[in-house]
Amino acid sequence: MRYEVGILAAGQSRRFGSPKQLAYFSNQTLLERALEVASAISAAPWLVLGAHESQIRARCVLECTRVVVAEDWRDGMAAALRALVKSVRQTAQVEGLVVMLVDQPLLEPKDLQALVAKAAKFPGRPVICRDDEGKLGPPAFFPANWFDALSRLEGDQGARSLLRQEGCEVVDIGQRGRDVDTRADLARLGAEIR
């Protein structure tokens, strides 16, 4: 199955208080960690930047990454998804797209591998992850027949509204599915894995 992998990292990190893409967790920035995990299933993952773009480019080596800038990043997560889908459509014929967030530091390559394996068993259906609190969210696999709908998304909810309307397959990834919005969230995750 041919697919692309994209990391959404365009947000302003308002609740975090500084660019969380550059925050450290276990001796790596969140962005470096996300790129490392994505690289386990993609030789050249996509990275969607927006807010803090110049700061991120100045601090991170992005040589094996295709960078997309969501110029309308202020419109929320949907803007990053739209920019990613547009770029993927312009450059590749694929059967789907794995979308992950920059702020899930516990995510492991095996989670993305499980996501892709499940997608291969259910062609044409989206696959989403469930964390240890039962929350459904990224990373997610969107088949190509969803690209039009993803291109029309608006707001900061990402694809959640679409996934509520349609059935999707689920992969359980436990606490590795948790994301961080604040410095306290990041500290809490760090304490839990010690």
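Everything below is about the structure shown above.
To keep things clear, this report deals only with the structure shown in the data block. (Residues numbered from 1 in each chain as written. Predicted model: local features only at pLDDT ≥ 70, side-chain atom pairs only at ≥ 80, totals over all residues. Heavy atoms only, no water.)

1. Here's the deal with the overall build of the protein
Here is step 1: Each helix and strand counted, the protein has 7 helices and 9 strands in total.
Here is step 2: The C-alpha atoms of the protein give a radius of gyration of 15 Å, which matches the 16 Å a tight globule of 194 residues would have.
Here is step 3: For the protein, the C-alpha atoms occupy an extent of roughly 40 × 35 × 30 Å along the three principal directions.
Here is step 4: Buried positions account for 52% of the 194 residues belonging to the protein.
Here is step 5: Accessible area for the protein stands at about 9,400 Å²; split by element, carbon and sulfur atoms hold 45% of it.
Here is step 6: In the protein, the 26 positive side-chain charges and the 25 negative ones have mean positions that sit 1 Å from each other. (Helix = DSSP H or I, 4+ residues; strand = E, 2+ residues; numbered from the N terminus. Rg over C-alpha atoms; globule rule 2.2 N^0.38 Å. Buried < 20%, exposed > 50% of the residue type's maximum accessible area, 1.4 Å probe, protein only. Areas by Shrake-Rupley, 256 points an atom, 1.4 Å probe, with all protein chains shown as cover. Lys, Arg positive; Asp, Glu negative; His and termini not counted. Charge placed at Lys NZ, Arg CZ, Asp CG, Glu CD.)

2. Topic: the pairing of strand 8 (residues 136-143)
Here is step 1: Of all the 8 residues making up strand 8, 6 are buried; the element is thus mostly covered by neighbouring parts of the structure.
Here is step 2: Of the strand pairs in this sheet, strand 6 (residues 96-101) and strand 8 are connected by 4 bridges, and their pairing is antiparallel. By the bridge assignment, Leu97 is partnered in strand 8 with Phe142.
Here is step 3: Hairpin connection between strand 7 (residues 127-131) and strand 8: a loop of 4 residues separates the two successive antiparallel strands, and Gly134 in this loop has a positive phi of roughly 85 degrees. (Pairing = 2+ DSSP bridges.)

3. Some remarks on the packing of aromatic side chains
Here is step 1: Inspection of every chain in the model, using the stated rule, returns 1 aromatic pair.
Here is step 2: Arranged with centres 6.0 Å apart and planes meeting at 35 degrees, the rings of Phe142 and Trp146 form a pair that is tilted. The same class applies to Phe142 as to Trp146, namely buried. (Phe/Tyr/Trp six-rings, centres within 6.5 Å; stacked < 30°, edge-to-face > 60°.)

4. Quick notes on the pairing of strand 1 (residues 3-9)
For a regular strand, side chains alternate in direction, first toward one face of the sheet and then toward the other.
Here is step 1: Across the 7 residues of strand 1, 6 count as buried, placing the element largely inside the fold.
Here is step 2: With 6 bridges connecting them, strand 1 and strand 6 associate as parallel partners. Each bridged residue has a counterpart across the sheet, and for Glu4 the counterpart in strand 6 is Leu97.
Here is step 3: Of the strand pairs in this sheet, strand 1 and strand 4 (residues 46-49) are connected by 4 bridges, and their pairing is parallel. Its bridge partner lying in strand 4, Leu8 is registered against Val48.

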